[in-house]
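# Geometric and topological summary
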Amino acid sequence: MSAPLNELKIFSIRSVQMRTFHITWLMFFVCFFGWFGLAPLMPTIRTDLGLSKSQVGNIIIASVSGTIVARLVIGRLCDIWGPRLTAIRLLLVGAVPVMLVGLAHDYTTFLLFRLCISVIGASFVITQFHTSLMFAPAIKGTANAVTGGWGNLGGGVTNMVMPLIFAAITGFGYTPAQAWRYAMIVPGIMMLIVAWLYYRYTQDTPAGNFRDLPSHQQKQKTDWSILADWRVWALTFSYAMCFGMEITFDNVAALHFTDSFGLAQERAGFLAGIFGFMNLFARAIGGILSDKAGKKYGMNGKGRLLALLLVAEGIGLLFFAQAGSLTMAIISMLSFAFFLKMANGATYGIVPFINEKNVGLVSGVVGAGGNLGGMMFGFLFKSENISYAMAFRYIGIVVLLVGLVVLITRFYKSADQPKRTLAVPEYL
């Protein structure tokens, strides 16, 4: 079969489209696992390395900063090399700092390793780009949301599993200071295995690899004119508020539950894992609803849906910030997490249609926005004068404001773009 699929056959791996679908979300899953494998172990690492709150904040910022530039670069490399070679090379290079982070023995070296590891967060762009090539326009939003959501699931699994790996290693007689270091070898090995699967069982498009297709023989020039398109920036801000908040919460959840409610590392990691596990279905629901809204109301319908999800996320965050008990914290966490992850899916239900000749670049810019949001939020959690609860409150307010901006932004397919010399903001 040489054409994009018109339906999502979840339980099939017979076609190259469905093999690619499953391997690309698995690729993002293991990268996410390696990217945030250290997060649930931070209570132990903080003690081992003697880190202050400010230093922990810098580490949180570093953990997402490298991904900002990496997503811009990876988006362009997908257009040039194709998603298959880009994914393989990222997995092989990214596995190195993941497995070697255990060599860090002070704040500075740990910070540098965390910055290097953050590069693998760019794997998300590959997942969205590759999926967009394999599926027809009518289900791109759904397919992108499912692959993105199941990949993001790695953030939930790592919060639950890494403390168990850590506990198993200490059970063999190793000290906590040794255990967190050895535990990080596991996600590195997983990344190497998936690199082989990507090499063996995927191709760039249903018709073949980029290097074998006449239409991709010549390298395309980078079309930075997309940066003059307000829709790209509206989606970038949107993704900063949803995915940016997601990776921030993945980073601080275990510490927040440990410090605010006195939980043990394993239980705090389990609760943080529940947040991530909602990617199993919530992001997919956002993509499905985006496709349905697009079919019935057009691109503006997709935009309105995204705006409403952001507003609901912001309200949920405000409730979480005021939670005075563990029970209320869990309930409000599940609430804002559901809308946040749906907003992730709804954002990338729009991205593939903004500029169909530069899907990789648009995907990279918007994806970088998610990490830019995570980096900016990290400064709030770094401050000695702002509690974690206050930081969540401030973020909730900003999310609400961005939701309103998205609401008044007009979205349309690239084929329907009005002719003008300069793309400027268009409003309803």
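What you are looking at is a predicted structure, and each value in this text was computed from that prediction instead of being measured. (Residues numbered from 1 in each chain as written. Predicted model: local features only at pLDDT ≥ 70, side-chain atom pairs only at ≥ 80, totals over all residues. Heavy atoms only, no water.)

## Comments concerning the overall build of the protein chain
Stated formally: Counting from the N terminus, the helices are the DSSP runs of H or I reaching at least four residues and the strands are the DSSP runs of E reaching at least two. As defined in this context, the radius of gyration uses C-alpha atoms, and a globule is described by 2.2 Å times the residue total to the power 0.38. With a 1.4 Å probe rolled over the protein chains alone, any residue whose accessible area is under 20% of its type maximum counts as buried; one over 50% counts as exposed, and the rest are partly exposed. The contact rule is simple, with two residues in contact once any of their heavy atoms fall within 4.5 Å. Note on areas: these come from Shrake-Rupley sampling with a 1.4 Å probe, and a residue is covered only by the protein chains present in the view.
Each helix and strand counted, the protein chain has 16 helices and zero strands in total. For the protein chain, the C-alpha radius of gyration of 21 Å lies close to 22 Å, the compact-globule estimate for 428 residues. Overall, the protein chain is about 60 × 45 × 40 Å in size when its C-alpha atoms are taken along their principal axes. Taking all 428 residues of the protein chain together, the buried fraction comes to 61%. Of the contacts formed within the protein chain by residues at least 6 apart in sequence, a portion of 82% connects residues at least 24 apart. Here the protein chain displays about 16400 Å² of accessible surface, and carbon together with sulfur accounts for 67% of that area.

## Section: empty space enclosed by the protein
For clarity, the cut-off: Using only the protein atoms, space was sampled on a 1 Å grid; points where a 1.4 Å probe fits but cannot get out form cavities, open sets with protein on both sides within 12 Å along at least five of seven lines form pockets, and lining residues are those with an atom within 4 Å of a point. Grid points are joined across faces, edges and corners, and a volume is the space filled by probe spheres set on the points. Residues are grouped as follows: Ala, Val, Leu, Ile, Met, Phe, Trp, Tyr, Cys and Pro are nonpolar; Asp, Glu, Lys and Arg are charged; every other residue, Gly included, is polar.
Scanning the model with the defined rule gives four cavities of 30 Å³ or more in all. In this structure, the largest cavity spans a volume of roughly 60 Å³. In terms of lining residues, the largest cavity is bounded by Ala39, Met42, Val56, Ile59, Ile60, Ser63, Arg114, Asn251 and Leu255. Where the lining of the largest cavity is concerned, the elements lending two or more residues are α3 (53-80) and α10 (230-261). Examining the composition of the lining of the largest cavity, we find that four residues originate from one element, α3, more than from any other. Classifying every residue of the lining of the largest cavity by side-chain character gives six nonpolar, two polar and one charged.

## Thoughts on the layout of surface pockets
In this structure, the second largest pocket spans a volume of roughly 270 Å³. Lining the second largest pocket are 14 residues, and of these Pro137, Ala138, Asp291, Gly294 and Lys295 lie nearest its centre. Within the residue set of the lining of the second largest pocket, elements represented by two or more residues are α12 (282-297) and α13 (299-321). Of the residues forming the lining of the second largest pocket, the biggest block, five residues, is contributed by α12. Considering only residue class, the lining of the second largest pocket consists of six nonpolar, three polar and five charged.

## So, the confidence of the model for the protein chain
Just so we agree on the cut-off: A residue's pLDDT is simply how confident the predictor is in it, with values from 0 to 100.
Per-residue pLDDT for the protein chain has a mean of 89; in total, 94% of the residues score no lower than 70. Across residues 419-428, confidence stays below pLDDT 50; counting only partners more than four residues off in sequence or on other chains, it has 22 contacts.

## Observations concerning the side chain of Arg114
Secondary-structure assignment places Arg114 in helix α5 (residues 107-117). Other than its neighbours up to four places away in sequence, Arg114 contacts Trp35, Phe36, Leu38, Ile59, Ala62, Ser63 and Asn251.

## Structural notes on the packing of aromatic side chains
Quick note on the threshold: Each aromatic pair joins two rings of Phe, Tyr and Trp (for Trp, the six-membered one) with centres within 6.5 Å, and gets the label stacked for planes under 30 degrees apart, edge-to-face for over 60, and tilted for any other angle.
Enumeration over the complete set of coordinates arrives at 35 aromatic pairs. Pairing Phe275 with Phe336 gives two aromatic rings, centres 5.8 Å apart and planes at 50°, and the pair type is tilted. With Phe275 in helix α11 (residues 265-277) and Phe336 in helix α14 (residues 326-347), the pair connects residues that are 61 residues apart, well separated along the chain. For the pair Phe275 and Phe336, a shared accessibility class is recorded, and that class is buried. A connected cluster of aromatic rings, assembled from ring pairs, spans Phe28, Phe32, Trp35, Phe36, Phe124, Tyr239, Phe243 and Tyr348.

## Let's talk about α10
Note the threshold: In this scheme, the bend at a residue equals the angle between the axes fitted to the seven residues that finish there and the seven that begin there.
Its maximal kink placed at Val252, α10 deviates by approximately 50°. With its phi angle positive at about 65°, Gly262 sits one or two positions after the end of α10.

## Regarding the nonpolar core
This is how it is decided: Buried Ala, Val, Leu, Ile, Met, Phe, Trp, Tyr and Cys residues form a nonpolar core when they are joined through side-chain atoms within 4.5 Å.
Core analysis: the largest hydrophobic core is formed by 136 residues, its most contacted members being Trp35, Ile45, Phe110, Phe249, Phe257, Leu310 and Phe392. If you tally residues by element for this core, the top one is α10, at 16 residues. Excluding its chain neighbours within four sequence positions, the residues that come into contact with Ile45 are Leu38, Gly50, Leu51, Phe110 and Trp180.

## Let's talk about the side chain of Thr347
Worth spelling out the cut-off: Under this definition, polar contacts are N or O atom pairs within 3.5 Å; protein pairs additionally need one hydrogen-donor-capable and one acceptor-capable atom, and for neighbouring residues in sequence, both atoms have to be side-chain atoms.
Of note, Thr347 is situated in helix α14. Here Ser238 takes part through its side chain, which lies 3.1 Å from a polar atom of the side chain of Thr347. Excluding its chain neighbours within four sequence positions, the residues that come into contact with Thr347 are Leu235, Ser238, Tyr239, Cys242, Leu306 and Val366.

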